[in-house]
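Per-entry structural report
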Amino acid sequence: MPWTKASEIIELLRKRLGLEEEFFTVERVWNKEVGIEGVEIIGYKNGTVFTKTQSSVAVSELTFRKKEIIKKLNQYIGMQKIKNIKVKIEA
């Protein structure tokens, strides 16, 4: 039985989980450039980045900077894929 390359396994898992390459780009850029304390990306689907936080202050900052953040993320992706950012408050 031949060995399967790790990259092939990762690609298969990525497809099965529905994770597009943009998700990984968005997550890297978010961690590097956005820098809103206490906001974590939990998903990406159909142009929407889903986040969560426990802080109402973080929600306010995200709401205030939403257009700027979307623009920055799209610049890194190289196309206008990100249309919205949704935030969920978890207690």
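Remember, it's a predicted structure, so these values are computed and weren't measured experimentally.

1. A short note on the pattern of salt bridges
According to the stated counting rule, one finds 5 salt bridges in the structure shown. Residue E40 pairs with K52 through a salt bridge whose shortest N-O separation is 4.0 Å. One end of the pair, E40, is in strand β1 (residues 40–45); the other, K52, is in strand β2 (residues 48–53), and 12 residues separate them in sequence. You can call E40 partly exposed: its relative accessible area is 43%. Using a relative accessible area of 23% as the deciding quantity, one classes K52 as partly exposed. Close ionic contact of E90 with K88 constitutes a salt bridge, the shortest N to O distance being 3.6 Å. What makes E90 partly exposed here is its relative accessible area of 28%. Looking at K88, the relative accessible area reads 44%, which means it is partly exposed.

2. Notes on the pairing of β2
With 5 bridges connecting them, β1 and β2 associate as antiparallel partners. Residue pairing across strands places I41 opposite T51, the latter belonging to β2. From the end of β1 to the start of β2, which pair antiparallel, there are 2 residues, and N46 there has a positive phi angle of about 50°. Note: β2 against strand β3 (residues 84–89), 6 bridges, orientation parallel. Note that in β3 the partner of K52 across the bridge is K88. Crossover handedness for the path β2 to helix α3 (residues 56–77) to β3: right-handed.

3. A look at the sheet that holds β2
Taken in spatial order, the 3 strands line up as β1-β2-β3 in an open sheet, and their pairing is mixed. Only two strands of the sheet have a single neighbouring strand rather than two, namely β1 and β3. Across the sheet, the mean angle from the axis of one strand to that of its neighbour is 25°, orientation sign disregarded. Packing against the sheet, α3 makes contact with β2 and β3, and its axis sits at approximately 155° to β3.

What counts and how
Residues numbered from 1 in each chain as written. Predicted model: local features only at pLDDT ≥ 70, side-chain atom pairs only at ≥ 80, totals over all residues. Heavy atoms only, no water. Salt bridge = Lys/Arg side-chain N within 4 Å of Asp/Glu carboxyl O. Helix = DSSP H or I, 4+ residues; strand = E, 2+ residues; numbered from the N terminus. Buried < 20%, exposed > 50% of the residue type's maximum accessible area, 1.4 Å probe, protein only. Pairing = 2+ DSSP bridges. Right-handed = clockwise from strand over helix to strand, strands pointing away. Axes fitted to C-alpha atoms, helices over the stretch in contact; angles between N-to-C directions. Contact = heavy atoms within 4.5 Å.

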